[in-house]
Amino acid sequence: MTTGALFAELAAVGLDVHSDRPLAPLTTYGVGGNGACVVKVSSVDHVVAVSEVLHRHPGVDTLVMGRGSNLLIADIGFNGLVIVMAPSSTENAVSVDGDIVEAGGAMLMPVLARRSVGAGRGGLEWCVGIPGTVGGAVRMNAGGHGADMASSVVDATVLSLRSGIIARVPAEQLDFYFRGSALSNNHVVLSVRMKTAAQEAATGTTEINAVVGWRREHQPGGRNAGSVFVNPGSGDESAGALIDSAGLRGFTIGAVTVSEKHANFIQAGEGSTAADIAAVMSHVQSTVEDVHGIRLYSEVCLVGFSADLMTRFSHPSHASAPHVAAKNELHRLLGDHA
Ligand SMILES: Cc1cc2nc3c(=O)[nH]c(=O)nc-3n(C[C@H](O)[C@H](O)[C@H](O)COP(=O)(O)OP(=O)(O)OC[C@H]3O[C@@H](n4cnc5c(N)ncnc54)[C@H](O)[C@@H]3O)c2cc1C
């Protein structure tokens, strides 16, 4: 698929677009190849303009990127259109209406946590620990510290890059599940509305400091994408504990290492490749299965890898009938099949 004509049309409408652009610097792993066509958007108008142009290029694959903190992009890159969500100056504010806090899709989660607390609203303090955007957090149903997006989201305003339709999608139709939702690569979360409770700002600040302190103590710094594997079902040990007791802490291929500090984190050192990260993931998955008889699946989104590898790491429940039905329903709502 060539994206030359698409590039020219996006440039012609005044968008900030580049061809054959490295994606590694846009991710927290810092690995991966180039995007064939990469457009930076910092307003709803920009996203609408992208969808209008894309309408004439139905065969081009799309990838929406927030902070790239949950993405592993293959060394061959992504042969399609990458839409990079960049916060605008107005994205730094939340709006509050009664119990509802609303934030733009490109706002960073730590900013959401701090702005909400500053506005005297409680319930989103945990978001300070997630180094991604609000839109990425909705798509992934990000969570931690006993909460997740599903527990607060009332609805999200979503644009379909294919149909250009913008709809306010209620939480039920987003079909949140553990680290996922019904949203697909054609959907852009423009904004989200979340339930909160009245709270003294000082109480929220204490909670934020506790979350930040806990993260510093328990999680490694450096280049990673947070937890790599989804915790298996209730009753089983956590993915990190299973990896640890399989003797994999410190396991290394090239410059890629299973973290010594948290065994469910994979650290990418200088000179790492996406292939080495995928190789470490494969080794961890097969060793844990040999030792414990439990198959681990990826929490990190893989982009541009072979279908076999993607299937190997994709949780089978994501293809279950209820989740597929919810995805189809969302596609219908957003006119994706029109
Ligand atoms: C140190 C570290 C700690 C972490 N801890 C946690 C944790 O505790 N809990 C947790 O859940 N995650 C955690 N993560 C993972 C990650 O931060 C979250 O998944 C985050 O929500 C991803 O947001 P992002 O903007 O970086 O999305 P990206 O990584 O850019 O994208 C992730 C997915 O979201 C989609 N997407 C991004 N933006 C949008 C948008 N506006 N509209 C539609 N789709 C979009 C992408 O297409 C992709 O499918 C951690 C990561 C790191 C590096």
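Cut-off values and rules
Residues numbered from 1 in each chain as written. Predicted model: local features only at pLDDT ≥ 70, side-chain atom pairs only at ≥ 80, totals over all residues. Near = placed C-beta within 6 Å. Helix = DSSP H or I, 4+ residues; strand = E, 2+ residues; numbered from the N terminus. Nonpolar A, V, L, I, M, F, W, Y, C, P; charged D, E, K, R; others polar. Buried ≥ 20, exposed ≤ 12 C-beta atoms within 10 Å, placed from the backbone. Pairing = 2+ DSSP bridges. Expected span 1.5 Å × (residues − 1). Contact = placed C-beta atoms within 7 Å. Axes fitted to C-alpha atoms, helices over the stretch in contact; angles between N-to-C directions.

1. Some thoughts on the site of the ligand
Step number 1: Taken together, the neighbourhood of the ligand is formed by 36 residues, with Gly66, Gly132, Gly135, Gly136 and Gly226 sitting nearest.
Step number 2: A total of five residues in the shell around the ligand trace back to one element, the largest contributor, which is helix α4 (residues 134–140).
Step number 3: Grouping the amino acids of the shell around the ligand by side-chain chemistry returns 15 nonpolar, 18 polar and three charged.

2. Some thoughts on the pairing of strand β5 (residues 78–85)
Step number 1: Counting buried positions over the eight residues of β5 gives seven, a clear majority of the element.
Step number 2: As defined by bridge partners, strand β2 (residues 34–41) adjoins β5 across six bridges and the pair is classed as parallel. Bridge pairing in β5 links Gly35 to Phe78.
Step number 3: Examined bridge by bridge, strand β3 (residues 62–65) and β5 share four bridges and lie parallel to one another. Bridge pairing in β5 places Val64 opposite Ile83.

3. Brief notes about helix α8 (residues 274–292)
Step number 1: Compared with the 27 Å implied by 1.5 Å per residue over 19 residues, the 27 Å span of α8 between its first and last C-alpha is a close match.
Step number 2: Looking only at α8, the buried set comprises Ala274, Asp276, Ile277, Ala278, Val280, Met281, Val284, Gln285 and Val288.
Step number 3: Packing partners of the buried residues in α8 comprise β4 (71–73), α7 (239–245), β15 (252–253), β16 (256–258), β17 (266–268) and α9 (307–313).
Step number 4: At the C-terminal side of α8, Gly293 shows a positive phi close to 70 degrees.

4. Considerations on the environment of Ala86
Step number 1: If you trace the backbone, Ala86 turns up in the loop between β5 and β6 (95–97).
Step number 2: C-beta crowding within 10 Å serves as the criterion here: with 15 such atoms nearby, Ala86 is assigned to the partly exposed category.
Step number 3: Linking Ala86 and His18, residues 68 residues apart in sequence, is a C-alpha distance of 15 Å.
Step number 4: Not counting chain neighbours up to four residues away, the residues in contact with Ala86 comprise Lys40, Val41, Ser42 and Ala106.

5. Observations concerning the sheet that holds β17
In any sheet, the strands associate via hydrogen bonds between backbone groups, in a parallel or an antiparallel arrangement.
Step number 1: Strand order in the open sheet made by the three strands is β15-β16-β17, with antiparallel pairing throughout. Every interior strand has two partners, whereas the edge strands, β15 and β17, have only one.
Step number 2: Both β15 and β16 contribute to a ladder of two bridges, which runs antiparallel. By the bridge assignment for β16, Thr252 is matched with Thr257.
Step number 3: Across the sheet, α8 lies against β15, β16 and β17, angled at about 30 degrees from β16, the strand it touches most.

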